[in-house]
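Survey of secondary and tertiary structure
Each chain is listed here by its residues.
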Amino acid sequence: MLKRFVSQPAKTLISTSIAIGTLSIITGCQTLPNMSVSNTTMNTASNPLTAAMPAIDRQGHIAYVEEQGVGAAKISTLYTIRPDGSDRQLIDQLTGYIYAPAWSADGQQLAYSKQAPREHPKIYIYERKSNNKQLVVDSEGSNLSASFSPDGQKLLYSSTVGGNADIYERRLSDGSTKQLTTLPSTEVQPSYAADGKSFVYTSDKIRAGRPSIYRYTFATGIATLIPTGGYAASPQLSADGQRMAYLNGRKAAVMTLVTGQVLDLAETGFDEPARLSPSGQYAVYPTRNSNLGGQSGGSLVIHSLSGRTSYAISSQAGGILRSPVWGR
């Protein structure tokens, strides 16, 4: 299954060397008490989940991709939005695919991959202050799943430039690049730990097509398996390193690393993972609106990890929402 993600990044990737995508007209927030739908439309003041968020989450931005159309007519749009459904901003759009947006630690930069028709995926960085976009990785092959180092000076990403999907680290100041994995298996979806000493990633080195999650330590160059008990991919660590959001089989999930306890949030229908808020107290994941009152299009579900309270930000434009990631 992992091979399918790499060979067809446009449709299946799980957020890295394996891609993802978004939304059009925000109509508000729908509460989902006990994961069932309410028809109540919420705003910032009346949504108790938003009001209770730490400021670092409430004032942050969620980047996501909206896909409309199919095949050669596919249009992908990259947006950012506040977790209360306000302040939606269009960042980029093209006929083709946009994959796996990722915020820098300070929330000022957004990395993502773009793939125009008959071209390979390339990695760009969007600067929030200047509103500029810069092409940073244009190697031959599929360049996906970028992740900023905590200091914003380096970028991890996966690429098939050598013929096999491996993980690379690039220094943004001069473009110097180091290949970190060299196995014949598939290594993708890297994500830095907040201390910059390690990163987590997805590999099928134990069994082809059966991905697991590993942690690579820079000091030793050694990768160790994170036990998940089955198919697992697209990891992201919380800022305090205590939790890991990932794809658990077909479910968006969060694991407490010390205990190994797993909280399965939902089967999204997209094979997409959960992504943690800056505080690590909330998670966001995409879902089809057929699960949310029968509306067309998709939604972003925001879930409190301390309880069963959730709500959704929906689109009326009919687009499929993918790859949400929550930054400052």
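Here's a quick rundown of the structure. Here the structure is a predicted model, which means the values were calculated and not measured. Each chain carries its own residue numbering, running from 1 in the written order of its sequence. Thresholds applied to this predicted model are a pLDDT of at least 70 for local features of residues and 80 or more for the giving and counting of side-chain atom pairs; totals over whole chains, interfaces and linings are not thresholded and use all residues. Derived side-chain values reflect all non-hydrogen atoms in the structure, with water molecules and hydrogen atoms excluded from consideration.

Moving on, we come to the packing of aromatic side chains. Stacked, edge-to-face and tilted labels apply to pairs of Phe, Tyr and Trp rings (six-membered ring for Trp) whose centres lie within 6.5 Å, assigned for plane angles under 30 degrees, over 60, and everything in between, in that order. Under the counting rule described, the total for this entry stands at 11 aromatic pairs. When the centroid spacing of 5.7 Å and the interplanar angle of 75° are considered together, the rings of Y216 and F218 count as edge-to-face. With centroids separated by 6.4 Å and ring planes inclined at 40°, the aromatic side chains of Y282 and W326 adopt a geometry described as tilted. Here Y282, found in strand β23 (residues 282-288), pairs with W326, found in strand β26 (residues 320-327); they are 44 residues apart in sequence, far enough to count as distant. Residue Y282 shares its accessibility class with W326, and that shared class is buried. Pairwise contacts between aromatic rings join Y192, F199, Y201, Y214, Y216 and F218 into one cluster. By the criterion adopted, a ring carries a charge over it if an Arg CZ or a Lys NZ lies within 6 Å of its centre and within 35 degrees of its normal. The cationic tip of K114 hangs over the ring face of Y124; the distance from NZ or CZ to the ring centre is 4.4 Å. K205 extends its terminal NZ or CZ atom over the ring of Y214, reaching a point 4.4 Å from the ring centre. Only DSSP runs of H or I covering at least 4 residues are called helices, and only runs of E covering at least 2 are called strands; the numbering of each starts at the N terminus. Burial classification: accessible surface area is computed with a 1.4 Å probe over protein chains only, and a residue below 20% of its type maximum counts as buried, one above 50% as exposed, and the rest as partly exposed.

The next point concerns the sheet that holds strand β14 (residues 187-192). Pairing is antiparallel across the open sheet formed by four strands, whose spatial order is β14-β15-β16-β17. Either end of the sheet is taken by a strand with one partner, and the two such strands are β14 and β17 (222-226). If you compare each strand with its neighbour and ignore which way they point, the axes differ by 30° on average. Paired strands, as defined in this entry, are two strands with at least two bridges between them according to DSSP. Every axis corresponds to a line fitted to the C-alpha atoms, with the helix fit spanning only the stretch in contact, and the corresponding angles, defined between N-to-C directions, vary from 0 to 180 degrees.

Glancing now at the pattern of salt bridges. By salt bridge we mean one thing: a side-chain nitrogen of Lys or Arg within 4 Å of a carboxyl oxygen of Asp or Glu. All chains considered together, the criterion is met by eight salt bridges. Here K114 makes a salt bridge to D92, at a shortest N to O gap of 3.1 Å. Placement of K114 in strand β7 (residues 109-115) and of D92 in strand β5 (residues 89-95) is noted, with a sequence separation of 22 residues between them. Taken individually, K114 and D92 each receive the classification buried, so the pair is uniform in this respect. One salt bridge in this structure joins D271 and R250, with 3.2 Å as the shortest N-O distance.

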